[in-house]
Structures are given as C-alpha cells and as structure tokens.
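# Tertiary structure, described
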Amino acid sequence: PSELVQTGALGLLFLSSALSVSAVLTLRTCLATAPHSLCTHASFAWSRNPICVSSVGLALSLSALLPSVVSAVGTVWLALHLGRQVGGPEERRLAEAFGESWRSYAEEVPAVGSRESLAISA
C-alpha cells in the first residue's frame, strides 16, 4: 500500500482500538454500577453499537494494511453480519427489556452499521 493508505489505515487502527477500549470500559462500568440500566453515555452517546463500529474499523484498517481478496471479503462479511445481528435480535431484545427508555435512546442515537443506518430512502 502507498504511504498515504498506510498512514490512514494506521490512524483508523488507532481510533478503532481507542473506541473499542472506551466502549468495553464504559459497558463494564455500566454493568457494575447499574446492571439493569441502559448504557447511554460516553461512546454509547453517539453510536448504539460502538463495539461493532470499532470491530469493523479494525478489520478495515487491517485490510488496508494487508490487502488481499480474503481480507476485503472478510471485512465486508463482518460489517454485514454485525449489521444483521445488531439490527435484528439485539435491538429487539433491548427494546423489550428497556421499553420507552430504549425507544427514546434509539430515536436520538444512530445505530451505525445496522440495517436502519444503511437504509437508502427512496
């Protein structure tokens, strides 16, 4: 890869790693302090799925640093798979568990990578 691609990929790798660590620590804190509450602060305030976003960012950066058909297909597969899992069963489970709190949160915070966020309006 060119120097520009390498620099961009390393930047994305760093940002994705930081987001992943931040999201995991935030989630652990939420579970420890309020285990039956919806976690809506820190990285969860701008994405309902920061762990998924960071996973795709990590895969994308590694695919750019180590380009191959397998890494490109794997990254696309990961993004689609996570979008399907998060956009379906996970969000339904959270809606059932948290009711109106979830609906309010879901209206304000995008589900980056879910079917909803990838939908193209006509």
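Please refer to the structure placed before this passage.
Below, the structure is looked at part by part. All figures in this text were calculated on a predicted structure; none of them were measured in a lab. (Residues numbered from 1 in each chain as written. Predicted model: local features only at pLDDT ≥ 70, side-chain atom pairs only at ≥ 80, totals over all residues. Heavy atoms only, no water.)

Time to look at the overall build of the protein. Each helix and strand counted, the protein has four helices and zero strands in total. Along the protein, helices (α) and strands (β) appear in the sequence α-α-α-α when read from the amino end. Projecting the C-alpha coordinates of the protein onto the three principal axes gives extents of approximately 50 × 35 × 20 Å. Taking all 122 residues of the protein together, the buried fraction comes to 27%. Counting contacts in the protein only where the partners sit at least 6 residues apart, residues at least 24 apart contribute 70% of the total. For the protein, the computed accessible surface area is about 7800 Å², with 66% contributed by carbon and sulfur atoms. (Helix = DSSP H or I, 4+ residues; strand = E, 2+ residues; numbered from the N terminus. Buried < 20%, exposed > 50% of the residue type's maximum accessible area, 1.4 Å probe, protein only. Contact = heavy atoms within 4.5 Å. Areas by Shrake-Rupley, 256 points an atom, 1.4 Å probe, with all protein chains shown as cover.)

Looking at the element boundaries, Arg 48 is found in the loop between helix 1 (3-33) and helix 2 (50-65). The exposure class assigned to Arg 48 is buried, which follows from its relative accessible area of 7%. At a separation of 2.8 Å, a polar atom in the side chain of Arg 48 contacts the main-chain carbonyl oxygen of Val 109. (Polar contact = N/O pair within 3.5 Å; in protein donor to acceptor, adjacent residues only side chain to side chain.)

Turning next to the state of the cysteines. Enumeration over the complete set of coordinates arrives at one disulfide. Residue Cys 30 pairs covalently with Cys 39 via a disulfide, S to S 2.4 Å. Where Cys 30 bonds to Cys 39 through sulfur, the torsion about that S-S bond is close to 55°, and the disulfide is right-handed. When sorted by exposure, Cys 30 lands in the same class as Cys 39, which is buried. For Cys 52, which is in no disulfide, the shortest distance to another cysteine sulfur is to Cys 39 and amounts to 14 Å. In this structure Cys 52 comes out as buried when scored by relative accessible area, which is 17%. (Disulfide = S-S within 2.5 Å.)

Looking now at unusual backbone geometry. Phi at Ala 42 takes a positive value of approximately 55°, unusual for a residue other than glycine. Residue placement: Ala 42 occurs in the loop between helix 1 and helix 2.

Moving on: the packing of helix 1 against helix 2. With their axes 8 Å apart at the nearest point, helix 1 and helix 2 run at an angle of 155° to one another. As the angle between them shows, helix 1 and helix 2 are arranged roughly antiparallel. As helix 1 packs across helix 2, the resulting crossing turns out to be left-handed. Taken together, the residues of the contact of helix 1 with helix 2 break down into 17 nonpolar, seven polar and no charged. (Axes fitted to C-alpha atoms, helices over the stretch in contact; angles between N-to-C directions. Parallel < 35°, antiparallel > 145°, perpendicular 65-115°, else oblique. Left-handed = near helix turned anticlockwise from the far one by under 90°. Nonpolar A, V, L, I, M, F, W, Y, C, P; charged D, E, K, R; others polar.)

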